[in-house]
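Understanding the architecture of this molecule
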Amino acid sequence: MTDNSNRFVRTRYAPSPTGPQHIGGIRSALFAWLYARRQRGQFILRIEDTDQKRTVPGSIELIQESFDWLGMDIDEGPRQGGAFGPYIQSERLELYQTWANWLVDSGHAYKCFATADELKEMRATGKGYDRRYRDYPAARAAELEAAGKPYVIRFKMPLSGLTAGEDMIRGIVEFDNAQLQDAVLMKSDGFPTYHLAHIVDDYHMKISHVTRAIEWLPSFPLHLRIWEAFGWQQPQYAHLPVLLNPNGKGKLSKRKQQFADAGKSVPVLVHEFIEAGYLPDAVKNFLTNIGWNFGDNREMFSTQEAMQRFDLKDVNAANSAYPIAKLDWLNSQYIQTSKVEYLASLLKSVLQEAGYTVDDERLRQVVPILQVRLKTLKDVVPMAGFFFADWAAFQAPPPDILVQRKMDSVSTAKVLEESIPVLQGLKDFSASSQHGAMTQFAKSVGFKNGQVFGSLRAAVTGQRVSPPTFETMEILGREESLRRIKLALQALAQPTS
RNA sequence: GCCCCAUUCGUCUAGCGGCCUAGGACGUGGCCCUCUCAAGGCCAAAACAGGAGUUCGAGUCUCCUAUGGGGCACCA
């Protein structure tokens, strides 16, 4: 095997620009990025748009945005530039043509004039392309070419023997050459196929480690033979396991957008994670934990920490069912440990999107009592949206929300009525002072804390579920809290239909 | 059909021949705490796919089978 141990590490992510970024691709990119960072190397983004039919305009921007959101910096790429560009394959066409011709001239490849119909017939036999142009007389091939017949360039795969290659994750893998076909290197439209393009580019861009999904493993021997034909030092290859559906059946990459599993929505596109209210650090942590583990029995770790330990060699060889349920847990952990200022800024945009006008000072007061109860940023809306609604427009909730367990409208009214002087009499309106006084009050009127506190919660928030009652009232202020309690009293006095 | 890769609790994983009566985490169930919802604490159930070998000894090595994933395009 080629010794690459001393090479300067350069890894790359080389997606086709076919639309929004899929989480499966991002996970592969994350592994490549982590490895580059760990080795103090470089991470390159290259766009593989050699199939014109599949190219979707705007994809490159989407890819960049995904990396920006995740905080994964790119050293060289379409936006960053770099010494080995351009980083978009459609802008490197002459290079591929040059090297394809070189392979033909040196006898490693040949022009094939087989038509689509001929190919179809051959495929019908079950044996694939029969290499009919592999040893075609040069003079006749020249005639066909001169006559304007379209052709492709195919690689001359050894007809027998074995090709062995080393995969960083699973070791030596052997293949029977006879199983492989003479793959197309250059298409008749003048564009290269992946097989040629990635090798030419990885060579010219000095890529030291190629990371790609495991579906590329079967063509690994072909690529090895191409490297050999060029006489170039091959990079190390790591064929990454892929993400499967949550039930373990089928590739996740086949899902083109979020879907429901066991009644829960499962995001797969980067923008879907953003919209669902997940934090970028939580998503990175989540992804890093699939197929690789930090060690020390730790599930939660920062990107910085992962960068100290990550190694492609340690990646698990087996595919994984997408453990999406873990993301909710991780996300809530990240929310709990986030700095108030940071969380506030994220929550602010969520609230604004939901139509609220957000006062920064109030948000800062609310965030601490929310941190422990949000799974996603989106949860802020039902839990605490009322803090940011128009207070003047607040309306008392209906009796079914106001009246607590084992209470009725009469007892609820009594509790609320008698709470007013107690709250009014407090020297300070802090949550702890309220708590003390109201606990005593509950005892005196013979109701449980839950009944009294719950009545107040409903009166003041209009909800059955909310942050703690007294913390909430402290933020609302004494005046507004009492106003709402009186509103509730009025509502209870109204005859209900 | 042929070829390749994989296989530890429901799921993500630790384990690289004896430290394993298999560890952690999510999820699930129970208890505690508790003003709702959470969070937190404690406890519990839960796995080496099956079969042959190799070895004094196998979750760890080999082979077979089964199952899952993937490839066999002028797509990547």
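This one's a predicted model, so the numbers in the text were calculated from it and none came from an experiment.

**A closer look at the nonpolar core**
Ranked by size, the top nonpolar core spans 68 residues in total, and within it Leu30, Phe31, Ala32, Trp33, Val283 and Leu347 carry the most contacts. In terms of residue count, helix H1 (residues 23-38) provides more of this core than any other element does, 10 residues in total. Excluding anything up to four places from it in sequence, Trp33 contacts Phe43 and Met72.

**Description of the domain arrangement of chain A**
Assigned domains within chain A: domain 1 (252-348) and domain 2 (390-493). Computed over C-alpha atoms, the centres of domain 1 and domain 2 are 40 Å apart.

**What about helix H7 (residues 220-230)?**
Within H7, the full set of buried residues consists of Phe220, Pro221, Leu222, His223, Arg225 and Ile226. Of the surrounding elements, those touching the buried residues of H7 are strand S4 (152-155), strand S5 (162-167), strand S6 (171-176), helix H6 (194-204) and strand S9 (236-240). One or two positions beyond H7, positive phi appears at Gly231, with a value near 80°.

**Some remarks on the protein's contact with RNA strand B**
The local shell around RNA strand B holds 66 residues, among which Glu48, Glu215, Lys251, Ala318 and Pro468 are the closest. Contributing elements (two or more residues each) for the surface near RNA strand B: helix H4 (116-124), S6, strand S13 (320-321), helix H11 (325-337), helix H18 (449-461) and helix H19 (469-476). No other element matches H18, which puts five residues into the surface near RNA strand B. Partitioned by chemical class, the residues of the surface near RNA strand B number 26 nonpolar, 24 polar and 16 charged.

Criteria and cut-off values
- Residues numbered from 1 in each chain as written.
- Chains lettered and ligands numbered in written order.
- Predicted model: local features only at pLDDT ≥ 70, side-chain atom pairs only at ≥ 80, totals over all residues.
- Core = buried A, V, L, I, M, F, W, Y, C linked by C-beta atoms within 7 Å.
- Buried ≥ 20, exposed ≤ 12 C-beta atoms within 10 Å, placed from the backbone.
- Helix = DSSP H or I, 4+ residues; strand = E, 2+ residues; numbered from the N terminus.
- Contact = placed C-beta atoms within 7 Å.
- Domains from an automatic or database assignment.
- Near = placed C-beta within 6 Å.
- Nonpolar A, V, L, I, M, F, W, Y, C, P; charged D, E, K, R; others polar.

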